[in-house]
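Below are the chains, spelled out letter by letter.
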Amino acid sequence: MRRTKTEAAATRETLMDAALEVFGRQGYAATTLTDIGREANVSRGAVYWHFGGKAELYAALVDERFERAIAAITAAAEGARTPLEGVRALLVSALQHLEDDREYRAVVELTIFKSEALPELAGSIARKREALAAQRTMLRSAIEDGVATGAIRPDVEVDAAALALLGFVNGLAMLWLLDPSTFSLRERAESTVDVVLAGLAP
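Residues numbered from 1 in each chain as written. Predicted model: local features only at pLDDT ≥ 70, side-chain atom pairs only at ≥ 80, totals over all residues. Heavy atoms only, no water.

### Thoughts on the packing of helix α5 (residues 83-100) against helix α9 (residues 185-197)
Part 1: Where α5 meets α9, the closest approach of the two axes is 9 Å, and the angle between their N-to-C directions is 150°. Regarding the angle of α5 to α9, the classification is roughly antiparallel. Here the hand of the crossing between α5 and α9 comes out right-handed. Residues Leu84, Val87, Arg88, Leu91, Val92, Leu95, Gln96, Leu98, Glu99 and Asp100 of α5 touch α9, and the partners they reach there are Leu185, Arg186, Ala189, Glu190, Thr192, Val193, Asp194 and Leu197.
Part 2: Counted by class, the contact of α5 with α9 contains 10 nonpolar, 2 polar and 6 charged residues. (Axes fitted to C-alpha atoms, helices over the stretch in contact; angles between N-to-C directions. Helix = DSSP H or I, 4+ residues; strand = E, 2+ residues; numbered from the N terminus. Parallel < 35°, antiparallel > 145°, perpendicular 65-115°, else oblique. Left-handed = near helix turned anticlockwise from the far one by under 90°. Contact = heavy atoms within 4.5 Å. Nonpolar A, V, L, I, M, F, W, Y, C, P; charged D, E, K, R; others polar.)

### So, the packing of helix α8 (residues 158-178) against α9
Part 1: Where α8 meets α9, the closest approach of the two axes is 12 Å, and the angle between their N-to-C directions is 150°. It follows that α8 is roughly antiparallel to α9 by the angle criterion. The crossing of α8 and α9 is right-handed. Contacts between α8 and α9 pair Leu165, Phe168, Leu172 and Trp176 from the former with Leu185, Thr192, Val193, Val196 and Leu197 from the latter.
Part 2: Across the contact of α8 with α9, the residue classes break down as 8 nonpolar, 1 polar and no charged.

### Focus: a nonpolar patch on the surface
Part 1: A cluster of nonpolar side chains, contributed by Ile112, Phe113, Met174 and Leu178, occupies part of the molecular surface with about 340 Å² of accessible area.
Part 2: At the level of elements, α6 (102-113) and α8 are the ones that each hand at least two residues to the nonpolar patch.
Part 3: Among the secondary structure elements, phenylalanine 113 is positioned in helix α6.
Part 4: Residue phenylalanine 113 is classed as partly exposed on the basis of its relative accessible area, which comes to 38%. (Patch = residues over 30% accessible without salt bridge, like charges linked within 9 Å, V, L, I, M, F, W, Y side chains within 5 Å. Areas by Shrake-Rupley, 256 points an atom, 1.4 Å probe, with all protein chains shown as cover. Salt bridge = Lys/Arg side-chain N within 4 Å of Asp/Glu carboxyl O. Buried < 20%, exposed > 50% of the residue type's maximum accessible area, 1.4 Å probe, protein only.)

### Details of α5
Three- or four-residue spacings in an α-helix give side chains the same orientation, since the helix completes a turn every 3.6 residues.
Part 1: For α5, spanning 18 residues, the distance from its first C-alpha to its last is 25 Å, which sits close to the expected 26 Å at 1.5 Å a residue.
Part 2: Buried residues of α5: Leu84, Gly86, Val87, Leu90, Leu91, Val92, Ser93, Leu95, Gln96, His97 and Leu98, and no others.
Part 3: Along its buried surface, α5 packs onto α4 (54-75), α6, α7 (122-149), α8 and α9. (Expected span 1.5 Å × (residues − 1).)

Below, the structure written as structure tokens:
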């Protein structure tokens, strides 16, 4: 019997969930499609029916799960009254979401700590660079708007500020991921973001 689109989509989602679990335990290089199929309780052939190979599954997993998280993070900045408030909401949300969303945290850990720089992952690595560039551009645009409206000091160098904010949020996230017992991102997000943004305010 042919599977319905709904059933196929559910199986695909199950496979990505399983892949995230196995990649998280073993790392990308040490994981096989058989391992993922076993975790998902499906055959290796079923994995190939949905994905052309391990690299394709990895790419789909990282792209789609990051897309979900980014949508949730950016939603926090909607309705901000000023560009500076929007930047603050975005940075706070990015940090808190990392602690609150177990799946997002697992994907971030996978891409940072458990994925080797293999040729087959070149496409995924390139897309990660593009995503960082897009985040920097978004911050730059918000800072430019803030300068134009007077919410941010006119003498602020826009590119330097955007780079500093991106480095801050990624650096703090890395510190927490290396040892979550040292502090809570959820509890520290607002105060640390406010310290950084104080340098931009008029």
